[in-house]
Amino acid sequence: MKKLILLTVVIVFTQITFGQTYNDFETDSTKTYEPFKPSKTQFMIRGYGHTGLNTLSNDEETESSYVGSAFAPIFLFKHSDRLMFEAELEFVLENNELEVGLEYADVMYVLNKNMTVRAGKFLLPFGTFMERLHPAWINRLPTRPLGFGHDGIAPSSGIGVELRGAFELGGPKLNYSVYSTNGPRLKNGSEEPEEAGMLMFQNFEDNNNSKAFGGRIGLLPFADSSTEIGFSTYSTSKVGARDSDYENVGAFLYAIDFAFIKQIPAIKGFIDIKGQYNNSNIDDATYTEVHEDGDEEEYTFDNKSNSLYAQLSYRPTMASSDFLKKLELVGRYSNLNTPEGAEWEEQSDQYAFGLNYWLTWRSVLKVAYQTTDSVGGHDGGGTTNSFFVHWAIGF
């Protein structure tokens, strides 16, 4: 009862105040204030979701499971024409648990038509895959290429500040990005001995006083913007924890990316080519291996890794059949090589082939087959064959 009375008082007071303000404006032209106006701010929710069936088989066993739905809402808030905020959450059912993550959350301010600054947690423009192509309804296959994601060698996001923009060059176009983040952490093997020497890119609080610096330049040489070539770098002089034996270990990473998409009348459809090469170079360091009998042994290795992927897709958008127009053929090759002598040494080759059916421009049903040949790695290597049926939607 008290809550109802309080709510009534608030409503009445608000109506009286608004009415008085409006009447004052109407009856006294010397006053400068105006009646209440609607806000010019805008708020929008976008995002995507996906679910499906995964079947994996190797020399030892076969696993088949429906994968739990993943939901990734994206929140967009426009305070003004210059000031904006964006954030993406991820809700994923994995390992019989609900995992919740913050993909990115950053504030953006438009300085001018060629420059925008943003700060917070943002997707890194290290190449193009993680920043532009990884969402389930944009990625043409159900999986990511080798080298991306968990235990990957390419960074996906960071906390820091970035300046980005684009320029017209009289036909060709140029886009750019420069940024600074907390940088990655070096895994020294104290918690996970099998991952000593790897970089952990999820560094929410800097473990030393050295920041990482990176950037990307993308050139679109043709007036129709059908082709883009990009070069990215990401480096830091320190990845080890402050006051540790690894404090002065540094890292330098670079990537080269390529994209071509165009409708070609001769083949009655769109052809889409994507590719990226990643290279990681971490300073050598000495790590300790503990054997089953308790003996300790020191070892080191040349800590260099690389990965690449090349993808080709074709969609017959100019076909006479409405059914054929909605089909898309896709193939991808990816490769990953990690340091020889490391506990996580791996050489893998992966081939993936898929057939997509586009229900709408942002809803797709994917059927794909994938085979991976590995030497080393966490599972000891071998050949893994996978079959996927996935459905993804962007909203």
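What you are looking at is a predicted structure, and each value in this text was computed from that prediction instead of being measured.

Cut-offs applied
- Residues numbered from 1 in each chain as written.
- Predicted model: local features only at pLDDT ≥ 70, side-chain atom pairs only at ≥ 80, totals over all residues.
- Heavy atoms only, no water.
- Helix = DSSP H or I, 4+ residues; strand = E, 2+ residues; numbered from the N terminus.
- Buried < 20%, exposed > 50% of the residue type's maximum accessible area, 1.4 Å probe, protein only.
- Areas by Shrake-Rupley, 256 points an atom, 1.4 Å probe, with all protein chains shown as cover.
- Patch = residues over 30% accessible without salt bridge, like charges linked within 9 Å, V, L, I, M, F, W, Y side chains within 5 Å.
- Salt bridge = Lys/Arg side-chain N within 4 Å of Asp/Glu carboxyl O.
- Lys, Arg positive; Asp, Glu negative; His and termini not counted.
- Charge placed at Lys NZ, Arg CZ, Asp CG, Glu CD.
- Core = buried A, V, L, I, M, F, W, Y, C linked by side-chain atoms within 4.5 Å.
- Contact = heavy atoms within 4.5 Å.
- pLDDT = per-residue confidence, 0-100.
- Phe/Tyr/Trp six-rings, centres within 6.5 Å; stacked < 30°, edge-to-face > 60°.
- Pairing = 2+ DSSP bridges.
- Polar contact = N/O pair within 3.5 Å; in protein donor to acceptor, adjacent residues only side chain to side chain.

Of regular secondary structure, the protein chain possesses three helices and 20 strands. In the protein chain, which comprises 395 residues, the share counted as buried stands at 40%. Accessible area for the protein chain stands at about 22,100 Å²; split by element, carbon and sulfur atoms hold 59% of it.

Residue Asn96 is not a glycine yet carries a positive backbone phi of 60°. For Asn96, a relative accessible area of 84% gives the class exposed. Despite not being glycine, Asp243 has its phi angle at roughly 65°, a positive value. Looking at the secondary structure, you find Asp243 in the loop between strand S11 (227-236) and strand S12 (251-264).

A cluster of nonpolar side chains, contributed by Phe43, Ile45, Phe71, Phe77, Phe85, Val107 and Phe395, occupies part of the molecular surface with about 620 Å² of accessible area. For the nonpolar patch, the secondary-structure elements that each account for two or more residues are strand S1 (42-57) and strand S2 (62-78). Note on Ile45: relative accessible area 47%, which makes it partly exposed.

A separate point is a negative patch on the surface. A contiguous patch of negative charge on the surface is contributed by Glu292, Asp293, Asp295, Glu296 and Glu298. Locating Asp295 in the fold gives a position in the loop between strand S14 (287-290) and strand S15 (296-299).

Let us look at the nonpolar core. Grouped together as the largest cluster of nonpolar side chains are 30 residues, with contacts concentrated most on Leu186, Leu199, Tyr234, Val249, Leu253 and Tyr287. Of all the elements in the fold, those that place two or more residues in this core are helix H2 (129-133) and S12. Apart from residues lying up to four places away in sequence, Leu186 is in contact with Gly197, Met198, Leu199, Val239, Gly240, Tyr246, Val249, Ile282 and Tyr287. Ranked by size, the runner-up nonpolar core spans seven residues in total, among them Tyr48, Trp137, Val364 and Ala392.

Moving on, we get to the environment of Gly47. With respect to the helices and strands, Gly47 occurs in strand S1. With 347 residues separating them along the chain, Gly47 and Gly394 place their C-alpha atoms 5.8 Å apart. If sequence neighbours within four positions are ignored, Gly47 has contacts with Ala72, Pro73, Ile74, Ile393, Gly394 and Phe395.

A separate point is the confidence of the model for the protein chain. Counting all residues, the mean pLDDT for the protein chain is 89, and 90% of those residues have values of 70 or more. Counting interchain partners and residues more than four positions distant, the pLDDT-below-50 stretch residues 1-31 has ten contacts.

Next up on the list: the pattern of salt bridges. Enumeration according to the criterion identifies 17 salt bridges in this entry. A salt bridge links Lys78 to Asp81, with the shortest nitrogen-to-oxygen separation between them at 3.4 Å. For Lys78, a relative accessible area of 29% gives the class partly exposed. The shortest N-O distance in the salt bridge between Arg140 and Glu328 comes to 2.9 Å. With a gap of 188 residues between them, Arg140 in the loop between H2 and strand S6 (157-168) and Glu328 in strand S17 (residues 327-337) connect regions that are remote in the sequence. Per residue, the accessibility class of Arg140 equals that of Glu328, and both read buried. What you see here is one network of salt bridges that share partners, running through Glu86, Arg118, Glu131, Glu162 and Arg164.

This brings us to the side chain of Ser280. Mapped onto the elements, Ser280 comes out in strand S13 (residues 269-282). Its relative accessible area of 5% is what places Ser280 among the buried residues. Once residues lying within four places of it in the same chain are set aside, the contact partners of Ser280 are Ile153, Phe252, Leu253, Asn303, Lys304 and Ser305.

The subject of this paragraph is the packing of aromatic side chains. Throughout the structure, instances matching the rule amount to 20 aromatic pairs. Ring centres 6.2 Å apart and planes at 80° place the aromatic pair Phe148 and Tyr309 in the edge-to-face group. Taken together, the residues span a long stretch of sequence, with Phe148 in the loop between H2 and S6 and Tyr309 in strand S16 (residues 304-315) at a distance of 161 residues. An aromatic cluster of at least three residues, connected via ring pairs, comprises Tyr246, Tyr287, Tyr299, Phe301 and Trp344.

Attention now moves to the pairing of strand S19 (residues 363-376). Across 14 bridges, the pairing between strand S18 (residues 346-360) and S19 is antiparallel. Bridge pairing links Asn356 to Lys366 in S19. The hairpin turn running from S18 into S19, its antiparallel successor, is two residues long.

Right, let's talk about the pairing of strand S3 (residues 83-94) for a bit. The sheet contact formed by S2 and S3 spans seven bridges and is antiparallel. Pairing of Ala70 across the sheet is with Val92, part of S3. Between the antiparallel neighbours S2 and S3 lie four residues. Direction of pairing for S3 relative to strand S4 (residues 97-112): antiparallel, over a ladder of twelve bridges.

As for its position among the elements, Glu131 is in helix H2. Taking the relative accessible area as the measure of exposure, Glu131 reaches 18% and is therefore buried. The residues contacting Glu131, other than those within four sequence positions of it, are Arg118, Leu123, Leu124, Pro125 and Arg164. For Glu131, the side chain forms a polar contact with the side chain of Arg164, separated by 2.6 Å.

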